[in-house]
Amino acid sequence: MHWLDLHGLGPTLLLASTLLAPAAAQKAPDVRIDTGSEPGAAAASQPRFAAAGGAIYAVWADERDGARDIYFNRSVDRGSSWLADATRLDTDTPPGSAAAVSPDIAVFGDAVFVTWSERRSGASDVYVNRSLDRGETWLPTPVRVDTEPAGASDSTAPRIAIGGTTVYIVWEDARRPPFRDIYINRSGDGGLSWQPTDTRLDFGTLPGVADSYAPQIAASGASVYVGWLDLRSGRPDVYFNRSTNQGGQWLPLDRRLDTNAPGASSSLTARLAATGNIVFAVWEERRDDLVRGDIYSNRSLDGGVTWQSADVRLDTGSPPGAAASLTPHLALLGTNAHVVWSDNRNGRFDIYFNRSVAAGLAWLPASERVDLGTPAGTADAVLPFVAANANGTFVAWTDMRSGDWDVYFNRADPGATSFQPGDLRLDTDASGSSAIAPQLAFAGESVVAGWLDDRSGDADLRANLAFGAQPYGIASAGTGGVRPSLDVAGPALFGATPTVQIRDARGGALAVLLLGIGPTTQVSIPIGGGVAGVLPTTSQGLGLGGAAGAAGEGTLDLPLPLPPSPALLGTNLNLQVGVRDSGSPDGFSLTNAVELWIG
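Fair warning: this is a prediction, and the values are worked out from it, not measured in the lab. Sequence positions are assigned chain by chain, starting from 1 and proceeding in written order. Local features are withheld for residues below a pLDDT of 70 in this predicted model, meaning they are given only at 70 or higher, and side-chain atom pairs are given and counted only at 80 or more; totals for whole chains, interfaces and linings count all residues. Side-chain calculation: all heavy atoms of the structure are included, whereas hydrogens and water are not.

### A look at the overall build of the protein chain
Elements are defined by DSSP. Helices are runs of H or I of four residues or more, strands are runs of E of two residues or more, and each kind is numbered from the N terminus. From N to C terminus, the protein chain includes one helix and 43 strands. What the globule rule says is 2.2 Å times the number of residues to the power 0.38, and the radius of gyration is computed from C-alpha atoms. Against the 2.2 N^0.38 benchmark of 25 Å for 599 residues, the protein chain shows a C-alpha radius of gyration of 25 Å, consistent with a compact globule. Burial status across the protein chain gives 58% buried among its 599 residues. Every residue pair with non-hydrogen atoms within 4.5 Å of one another is taken to be in contact. Here the analysis covers contacts within the protein chain between residues at least 6 apart in sequence; of these, 56% occur between residues at least 24 apart. To measure how exposed things are, a 1.4 Å probe is used in the Shrake-Rupley method; for residues, cover is taken only from the protein chains shown. For the protein chain, the exposed surface amounts to about 21000 Å²; the carbon and sulfur share of it is 55%. Whether a residue is buried, partly exposed or exposed follows from its accessible area with a 1.4 Å probe, protein chains only, as a fraction of its type maximum: under 20%, in between, or over 50%, in that order.

### Observations concerning the sheet that holds strand β27 (residues 381-389)
The strands making up a sheet associate through hydrogen bonds between their backbones, and the pairing can be parallel or antiparallel. DSSP calls a pair of strands paired once it identifies at least 2 bridges connecting them. One open sheet holds the four strands; their spatial order is β27-β28-β29-β30, and the pairing between them is antiparallel. In the strand order of this sheet, the two ends are held by β27 and β30 (424-425), each with one partner.

### Notes on empty space enclosed by the protein
A cavity here means a set of 1 Å grid points, computed over protein atoms only, where a 1.4 Å probe fits but cannot escape. A pocket is an open set with protein on both sides within 12 Å along at least 5 of 7 lines, and lining residues have an atom within 4 Å of a point. Grid points are joined across faces, edges and corners, and a volume is the space filled by probe spheres set on the points. According to the stated counting rule, one finds two cavities of 30 Å³ or more in the structure shown. If you add up the space inside the largest cavity, you get close to 40 Å³. Lys27, Pro29, Asp30, Val31, Gly79, Trp82, Val448, Ala463, Asn464, Leu465 and Gln470 are the residues that line the largest cavity. At four residues, strand β33 (residues 460-472) tops the list of elements feeding residues into the lining of the largest cavity. Partitioned by chemical class, the residues of the lining of the largest cavity number six nonpolar, three polar and two charged. Approximately 40 Å³ is the volume found for the second largest cavity. Taken together, Gln216, Gly227, Trp228, Val238, Leu257, Ala270, Arg271, Leu272 and Ala281 form the lining of the second largest cavity. When residues of the lining of the second largest cavity are traced back to their parent elements, those giving at least two are β15 (223-230) and β18 (266-275). Per-element accounting of the lining of the second largest cavity gives the leading share, three residues, to β18. Classification used: nonpolar for Ala, Val, Leu, Ile, Met, Phe, Trp, Tyr, Cys and Pro, charged for Asp, Glu, Lys and Arg, polar for all others including Gly.

### Some points on unusual backbone geometry
The omega angle of the peptide bond from Pro177 to Pro178 is 15°, so this bond is cis rather than trans. By the element assignment, Pro178 lies in the loop between β11 (166-173) and β12 (181-187). One non-glycine residue with positive phi stands out, namely Leu383, at about 55°. The residue Leu383 is located in strand β27 in this model. At Ala437, a position not held by glycine, the phi torsion is positive, near 55°. Of note, Ala437 is situated in strand β31 (residues 435-443).

### Observations regarding the side chain of Arg506
Note on placement: Arg506 falls in the loop between β35 (499-505) and β36 (510-517). At 3.3 Å, the side chain of Arg506 forms a polar contact with the side chain of Ser582. Contacts described as polar in this section are N or O atom pairs within 3.5 Å, which, within protein, must combine one atom able to donate a hydrogen with one able to accept it, while residues neighboring in sequence count only if both atoms come from side chains.

### Observations concerning the pattern of salt bridges
Only one rule defines a salt bridge in this text: a Lys or Arg side-chain nitrogen within 4 Å of an Asp or Glu carboxyl oxygen. Taken as a whole, this structure holds 45 salt bridges when the rule is applied. Put simply, Glu148, Asp173, Arg175, Arg176 and Asp198 are held in one network by salt bridges that share partners.

### Quick word on the nonpolar core
Grouped together as the largest cluster of nonpolar side chains are 45 residues, with contacts concentrated most on Phe409, Leu440 and Leu573. Aside from chain neighbours lying at most four places away, what touches Leu440 is Phe385, Ala387, Phe394, Val395, Ala396, Phe409, Val447, Val448 and Ala449. Core analysis: the next-biggest nonpolar cluster, separate from the first, contains 19 residues, Phe49, Trp60, Leu452 and Ala459 among them. As used in this record, nonpolar core signifies buried Ala, Val, Leu, Ile, Met, Phe, Trp, Tyr and Cys residues forming a set joined through side-chain atoms within 4.5 Å.

### Here's the deal with the sheet that holds strand β2 (residues 44-52)
In spatial order, the strands read β2-β3-β4-β5; together these four strands make up an open sheet with antiparallel pairing. The open sheet terminates on both sides in strands that have one partner only, identified here as β2 and β5 (87-88). Here seven bridges tie β2 to strand β3 (residues 55-62), and the two strands are oriented antiparallel to one another. Each bridged residue has a counterpart across the sheet, and for Phe49 the counterpart in β3 is Ala58.

### Focus: the pairing of β3
Within β3, eight of the eight residues are buried, which leaves it mostly tucked inside the rest of the structure. Side-chain alternation along β3 places Ala55, Tyr57, Val59 and Ala61 on one buried face and Ile56, Ala58, Trp60 and Asp62 on a second face that is also buried. Hairpin connection, β2 to β3: the antiparallel pair is bridged by two residues, and Gly53 has positive phi, about 60°. Relative to strand β4 (residues 69-75), β3 runs antiparallel, the two sharing seven bridges. Within β4, the position partnered with Tyr57 by the bridge is Arg74. Taking the residues that link successive antiparallel strands as the turn, the β3-β4 hairpin has six residues, and the phi of Gly66 there is positive, at about 115°.

### Section: the packing of aromatic side chains
For this analysis, a ring pair means two rings from Phe, Tyr or Trp (six-membered ring only for Trp) whose centres lie within 6.5 Å, classed as stacked if their planes differ by under 30 degrees, edge-to-face if by over 60, and tilted for the remaining angles. As enumerated under the stated definition, the model contains 12 aromatic pairs in all. Residues Phe353 and Phe419 carry aromatic rings whose centres are separated by 5.1 Å and whose planes lie at 80° to one another, so their mutual orientation is edge-to-face. Residue Phe353 is found in strand β24 (residues 348-357), and its partner Phe419 is found in the loop between β29 (406-412) and β30; the two are separated by 66 residues along the sequence. Of the two residues, Phe353 and Phe419, neither departs from the other in class, the shared state being buried. Taking 5.4 Å as the distance between ring centres and 40° as the angle between the ring planes, the aromatic pair formed by Phe394 and Phe467 counts as tilted. Of this pair, Phe394 sits in strand β28 (residues 392-399) while Phe467 sits in strand β33, placing them 73 residues apart in sequence. Exposure class is identical for Phe394 and Phe467. Each is buried. Through a chain of ring-to-ring contacts, the aromatic side chains of Phe394, Phe409, Phe442 and Phe467 assemble into a single cluster.

### Points about the environment of Ile162
Mapped onto the fold, Ile162 is located in strand β10 (residues 155-163). A residue is classified by how much of its surface remains accessible, and Ile162, at 16% relative accessible area, is buried. Separated by 55 residues in the primary sequence, Ile162 and Ile217 have C-alpha atoms spaced 9.6 Å apart. Discounting residues that sit within four places of it in the chain, Ile162 has contacts with Ala106, Val107, Phe108, Phe113, Val167 and Ala219.

### A look at the layout of surface pockets
Size it by volume and the largest pocket reaches roughly 1300 Å³. What lines the largest pocket is a set of 40 residues, among which Phe49, Ala50, Ile105, Ile217 and Leu330 lie closest to the centre. A breakdown of the residues in the lining of the largest pocket according to their chemical character gives 27 nonpolar, nine polar and four charged. For the second largest pocket, the calculated volume is near 660 Å³. Taken together, 23 residues form the lining of the second largest pocket, with Arg48, Arg159, Arg271, His329 and Gln439 sitting closest to its centre. Broken down by secondary-structure element, the contributors of at least two residues to the lining of the second largest pocket are β2, β6 (99-108), β10, β14 (212-220), β18, β22 (325-333), β27 and β31. Residues belonging to the lining of the second largest pocket are distributed by class as follows: 13 nonpolar, seven polar and three charged.

Below, the structure written as structure tokens:
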């Protein structure tokens, strides 16, 4: 049953009137995450996001008490609301008494693990805290992971990954001066205990002889993969090691992944990702010009034992070394890699994209531009972040087109090589402030972006819905005191058909679905023990299923066809259902409302 055909005359005219000009921004207002202190009163920095099971998690370093501490927040409703007070995780020292920096986060099911580096004993050590209930409760005391005496040497830049039931943390460690090495530790009991002796991974040199730094980590099943930058040959190269038995044994010699002559050029900003035995690495390398770098990739199909004999340049479409290509970011979808970076081939920096097919055997012959809302090279676009799933490829970045830094977003359809002709701004402040360093997280079929934002003074951490559905408002009780619910399942993409889901209403009841087009149709009016959340543009009568009069048995699934028009990018629909219900004191009940943002 198609309850409402948006191709029909009335709805099409109403919808078209909202699409005469492209959307300039997304859901307003965006949401502040670093709660518990006044906006802009203390700088937030180094944010990291993760998601699982519809929940979104954020960690960051926060200066609200002086020196930085590690804070956490989470949303279990796809980014619609967050905890009113962010949770401090470095809890065994007084707030602000030790510098805690470089947080990283990994999630598996309801388990959330956060690591960081903290200078509480004269030098920095690596710590971890964990929650098994989606961030509700945490260990009362974080656990130290590096096994040298506390504060004996600097252990910094930790990164965390989960493979199967094992948690891994890798970091750079200066315990054998004068230079840093790469160390790892692991836990098989949910982060309570760790190996009594950590393991050094840069086996190709003696400890402390050459600087090894900026580790990256990925895990899949019983395998764990680590990459880093290494100065053993003079200039930095990309090196790698791996274990296939949960960190028990490692390759006896590490592997170099950039196939230019060792130390002949500088390789920077390496990224690593893996699925099963397929491992991808990407990096910036100043091979053809010592100032301007290109983007290179290498990959292994056998769990990191062998790699391609020649790495692959990805920033095709301009001569090698002719433009500066930098800060690559990498996401895997199945066996294929999706890579974005910032590239000034057109004058100022734009965001470019390449992707592999057949597990990296082939890449696009020409890289594709992503920031398509402005002419090429007219405004700097930097710091891209890419994520990919069955609904497509999604990219967020920092953009200077308005004269100040803002966060923008674009997407490509599954398997497509080009992005939508109009991109979307996600930060909704118009005060000329800066919004930078975005990240993306999947929450069910929705995509949520987070970034740093200085509109209130010092940087706060904020988030917004790039596209998808978010519930809001309060349902009112119906028969038997049961509150009916409303949600939208499936991707909210133009040309797709998500499903409106009505649940827990009075069985067999008559109902009406209210649809409002545009943000101004979202309201909050107390009524009947709930909240009326939609000022309707149009409505549709419905008949619910379930045993007549039975509490909570009224259900209905309604397809919602969205027109296949890119002009819909950034369009908002608001939905709510009213149910005729003689078992309610008011004779009716209301579902919660849902806002749908089309991507």
